[in-house]
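Inside the fold
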Amino acid sequence: MKFDVIIIGGGHAGSRVACGLQDSGLKCAVITSGRSIHGTTLAGFEKKGGIVFADDQITNTCIQDSKIVCVRTEKIGQIALEAEHYVIATGKFFSKGLVADMKKVWEPIFGLDVEYNEDRSAWYAESFADHQPFLDFGVKVDESCRPSIEGKTVKNLYAVGEILAGVSCAEKDDLAAVDAGADKVIDIIKAQ
Amino acid sequence: MNNHQDFDVIVIGGGITGAGTARDCSMRGLKVLLIERHDIANGATGRNHGLLHSGARYAVKDAESAEECIKENQILRKIASHCVDDTQGLFITLPEDADTGYGLDYQKTFVEACLKSGISAKVIDPKDAIRMEPSVNPTLIGAVQVPDGSVDPFRLCSSNVVDAQLHGAKVLTYTEVTGFLKNGDTIEGVKVRNAITGEEAEYRAPVTVNAAGIWGHNIAQMAGVNIGMYPAKGALLVFAHRVNNVVINRCRKSADGDILVPGDSVTVIGTTSTKVPFEECDHMHVTPEEVDLLLREGCALCPSLATTRILRAYAGVRPLVAADDDPTGRSISRGIVCLDHETRDGVKGFISITGGKLMTYRLMAEIATDAVCKKLNSSAQCQTATTPLPGSETSGVKEVSKKLWGSATQGQKAAAGRLGSRAAEVEFSSPEDKQLVCECENVTLAEIKYAVKHLNVNTMEDLRRRTRVGMGTCQGTFCIHKAAKALAIAKGEPESADKLAADFLDERWKGMKAVGWGDTLREMEFMQKVYKAGKPDTYKD
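Everything numeric here is computed off the predicted structure, so don't read it as measured data.

What follows covers the overall build of chain B. For chain B, the count of helices and strands is 18 helices and 25 strands. The C-alpha atoms of chain B give a radius of gyration of 23 Å, which matches the 24 Å a tight globule of 541 residues would have. A total of 541 residues make up chain B; the buried ones form 58% of that total. Within chain B, residue pairs in contact and separated by at least 24 positions form 70% of the contacts whose partners lie at least 6 positions apart.

As structure tokens, then:
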């Protein structure tokens, strides 16, 4: 199955990118582990021809020459989902966009490079009220919002929302920054 | 400054030893004053496994402790039935234990030692052990069933305090002893300061009992005597659900992290044992090394712990005492130590009761009270081994809740479980009273009101220790504000709700960040979002 853009994550940021690109005439698909798509933001997305793979998750990815070729999901594993561009918007820890064990933090779908402190004792502030450093962890991107794997930029993948290093809506109202990032990615993809 | 002189005995320390001593003294007709600088059950009492030891753990090395344990085990089942969960226990032998000399030969030694101490220890087939406790490590090669159980130390301590009060004792929490009233070589009373209001007072009694656990070291120094105490830190981890229904122990020489105890809605693994300086006793932190060790050993008992969310980590301090004749402190006793400072140090009217453990608190209280009575020339006999604690007069949650309410709600059943027959005092008069405030632990508004009215509750932590509010899987994420508001209103200080909530969040955070990875870190991000999103300054002072 081939699309122009596959968006991984159906939260606020993923939905905004999906709607924006579908509106401009691109054929988009959203893969979300959520039971349903993100409420009103995605209203109309399916009506305009967008496809939503809800309650599903990516089990397999194929990457060649720093380009994503296709992804497969748990529910329709036999069919490869292909696209020109991919957007990852899977959020931080709570939504499992990032995973942490006792020693490290990683991005579980592509193994993207993640910015975090290797000293676990520095992940948290003493007091609940203070700024929590672990909320700054996230994937690193270049000026075109593209993350990297082992230092090499993935050419057709863009990251938006809370999965980004330094972006979190937990402690401050970062929604404007999330929206601006999503809109920037919409413009970059549209321009290609 | 107030002057009071109408007590027979002053007990310092609101842990289980002090609470038990206050109860015993008051039941023997003495006028008792119990003083605690924070809240009851705040020290080691509330920071352990909550294991109702069968004594099997001590049988091989320390028959005396084992015998004390099994006797008290049987007594607590009767007098504190609403605090005890008869889970039974297993001592398992793993294949690798044979390499360290603790194979099935040791099991034989272990069982013999148990039987000699009066502990019923039954060797069972490993297959039957798995049937009895499906979460146990399936590679086990040996299993022994013993009468272990779990005991809720908060409930136990609170019931002792309540009974002391019912027998006329006066209880002062958040009251710190700042000095002693001395007349020559006689202690005649204490000087105290209220930790909340700063108000100072003096209380007089012919006998003062130091039952302050590890903090008893400083109390003794204040009185001019020296007890060679050694703070031994023990760290534990709490898992997010009740993984096992039977206590699982390792059948070998006692080591770190070899006891897994189910308690209410959670499971606890522990402990470690590290000597720490006295300055650290008030600020316990669990280190990454301790967490690693507990997880590793815990997984050997029960492999599914590796994938179970850890709720939090905590640590307590055992008050170990060096033998008087050993200045090096090497021969440390874990047994009960009762010191009459008149014969030992020439200081009259002062007794210290320390050492021991949660399991033997009642016996410690009996020994201390005997010493008090001897000083006061009283021949009153101890009745605590046979008289049920308040709440345990009728046994069984079902009977209690059926008798009280016919068909009980979840919240009422939970209240009956926590308070036993005392749940009759909880007033479910309006529909709001029946509403659940804490949904993890089924705590109703009515139970919170009851705790504030009858159980000396000042802070959210105090409320947690009485009701288990905020102790469940969400660690208070969904109920802190509801509970803090209910507490603030019940205290008559509605404006204090935010401060109460903020303090509680900080305390929960302390325990969570020690284990902040995996699903626990997910919960932590969620908690931050629930309480801080869009309002970053709400929880700043």
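Further notes follow.
A word on the overall build of chain A. When you go through chain A residue by residue, the secondary structure sums to two helices and 13 strands. Taken against the 2.2 N^0.38 rule, which gives 16 Å for 192 residues, the C-alpha radius of gyration of chain A at 16 Å falls within 12% of a compact globule. Seen through its C-alpha atoms, chain A measures out along the principal axes to roughly 50 × 35 × 30 Å. The proportion of buried residues among the 192 residues of chain A is 46%. Sequence separation of 24 or more characterises 55% of the internal contacts of chain A that already satisfy a separation of 6 or more.

Counting residues at the interface gives 21 residues for chain A, matched by 21 residues for chain B. Per-class residue counts for the side of chain A that touches chain B are twelve nonpolar, three polar and six charged.

Bringing the sheet that holds strand 9 (residues 149-151) of chain B into the picture now. Residues and elements named next belong to chain B. One open sheet holds the three strands; their spatial order is 4-9-5, and the pairing between them is antiparallel. The outermost strands of the open sheet, each flanked by one partner alone, are strand 4 (51-52) and strand 5 (84-85). Both strand 5 and strand 9 contribute to a ladder of two bridges, which runs antiparallel. Within the sheet, the bridge partner assigned to D85 lies in strand 9 and is S150.

As a further point, take the confidence of the model for chain B. All names here are of chain B. Considering every residue of chain B, the mean pLDDT works out to 92; 95% of them sit at 70 or more. Counted against residues more than four places away or in other chains, residues 536-541, with its pLDDT under 50, gives ten contacts. Reported confidence for the predicted complex is 0.95 by ipTM and 0.90 by pTM.

Residues and elements named next belong to chain A. Taking 1.5 Å of rise per residue, the 16 residues of helix 2 (residues 175-190) would be expected to cover 22 Å, and the 22 Å separating its terminal C-alpha atoms lies within 8% of that figure. V178, G181, A182, V185, I186 and I189 are the residues of helix 2 that are buried. Seen along its axis, helix 2 keeps its buried residues to an arc of 140°; they face one direction. Along helix 2, the residues that are exposed and aim more than 90 degrees away from the buried face are A176, A180 and D187. Tucked into the core, helix 2 has its buried residues touching strand 1 (2-8), helix 1 (12-23), strand 6 (81-88) and strand 13 (157-159).

This part is about the nonpolar core. Ranked by size, the top nonpolar core spans 229 residues in total, and within it V17(A), V87(A), V9(B), V32(B) and A483(B) carry the most contacts. With nine residues, helix 10 (residues 361-375) of chain B is the largest single contributor of residues to this core. Not counting chain neighbours up to four residues away, the residues in contact with V87(A) comprise V5(A), I7(A), I8(A), G14(A), V17(A), Y158(A), V160(A) and V185(A).

What follows covers the packing of helix 14 (residues 445-454) of chain B against helix 15 (residues 460-467) of chain B. Residues and elements named next belong to chain B. Contact geometry for helix 14 and helix 15: axes closest at 10 Å, N-to-C directions at 110°. The pairing of helix 14 with helix 15 is recorded here as roughly perpendicular in orientation. Viewed along their axes, helix 14 and helix 15 form a crossing whose handedness is right-handed. Within the contact between the two elements, helix 14 uses E447, I448 and A451 and helix 15 uses L463, R466 and T467. Looking at the contact of helix 14 with helix 15 residue by residue, the classes come out as three nonpolar, one polar and two charged.

With that settled, the discussion passes to the environment of M512(B). Relative to the assigned elements, M512(B) resides in helix 17 (residues 497-513). Residues M512(B) and Q435(B), spaced 77 residues apart in sequence, show a C-alpha to C-alpha distance of 28 Å.

Residues and elements named next belong to chain B. Counted residue by residue, strand 23 (residues 350-355) has six buried out of six residues, so it is predominantly covered. Where strand 14 (residues 207-210) meets strand 23, three bridges bridge the pair, whose relative direction is parallel. Looking across to strand 23, one finds that N210 is bridged to S352. One ladder, built from five bridges, connects strand 22 (residues 336-340) with strand 23; its direction is antiparallel. Each residue of the ladder has a partner; that of I336, found in strand 23, is G355.

Turning our eyes to something else, we now look at the environment of A180(A). Within the secondary structure, A180(A) sits in helix 2. The exposure class of A180(A) is exposed, given the 12 C-beta atoms found within 10 Å.

All names here are of chain B. Most of helix 12 (residues 410-419) is tucked away, with eight of its ten residues classed as buried. Along helix 12, the residues classified as buried are G411, Q412, A414, A415, A416, G417, R418 and L419. Directly beyond the C-terminal end of helix 12, a positive phi value near 60° is found at G420.

Looking now at the packing of helix 16 (residues 480-491) of chain B against helix 17 of chain B. All names here are of chain B. It is at 8 Å that the axes of helix 16 and helix 17 come closest, and there the two elements cross at 130°. Relative to helix 17, the element helix 16 is oriented oblique. Two packed elements cross with a definite hand, and for helix 16 against helix 17 that hand is right-handed. Along its contact with helix 16, which presents I480, H481, A484, K485, L487 and A488, the element helix 17 presents A497, L500, A501, F504 and L505. Its residues assigned to classes, the contact of helix 16 with helix 17 comprises nine nonpolar, one polar and one charged.

The next point concerns unusual backbone geometry. All names here are of chain B. Cis peptide bonds are those with omega within 30 degrees of zero, and the linkage from G270 to T271 qualifies with -15°. The topology assignment puts T271 in the loop between strand 18 (266-270) and strand 19 (274-275). Look at D264: it is not a glycine, yet its phi comes out positive at around 50°. The phi dihedral of N377 falls on the positive side, at around 55°, and the residue is not glycine. By the secondary structure assignment, N377 is in the loop between helix 10 and helix 11 (397-405).

Rules used throughout
Residues numbered from 1 in each chain as written. Chains lettered and ligands numbered in written order. Predicted model: local features only at pLDDT ≥ 70, side-chain atom pairs only at ≥ 80, totals over all residues. Helix = DSSP H or I, 4+ residues; strand = E, 2+ residues; numbered from the N terminus. Rg over C-alpha atoms; globule rule 2.2 N^0.38 Å. Buried ≥ 20, exposed ≤ 12 C-beta atoms within 10 Å, placed from the backbone. Contact = placed C-beta atoms within 7 Å. Nonpolar A, V, L, I, M, F, W, Y, C, P; charged D, E, K, R; others polar. Pairing = 2+ DSSP bridges. pLDDT = per-residue confidence, 0-100. Expected span 1.5 Å × (residues − 1). Arc of directions from axis to C-beta. Core = buried A, V, L, I, M, F, W, Y, C linked by C-beta atoms within 7 Å. Axes fitted to C-alpha atoms, helices over the stretch in contact; angles between N-to-C directions. Parallel < 35°, antiparallel > 145°, perpendicular 65-115°, else oblique. Left-handed = near helix turned anticlockwise from the far one by under 90°.

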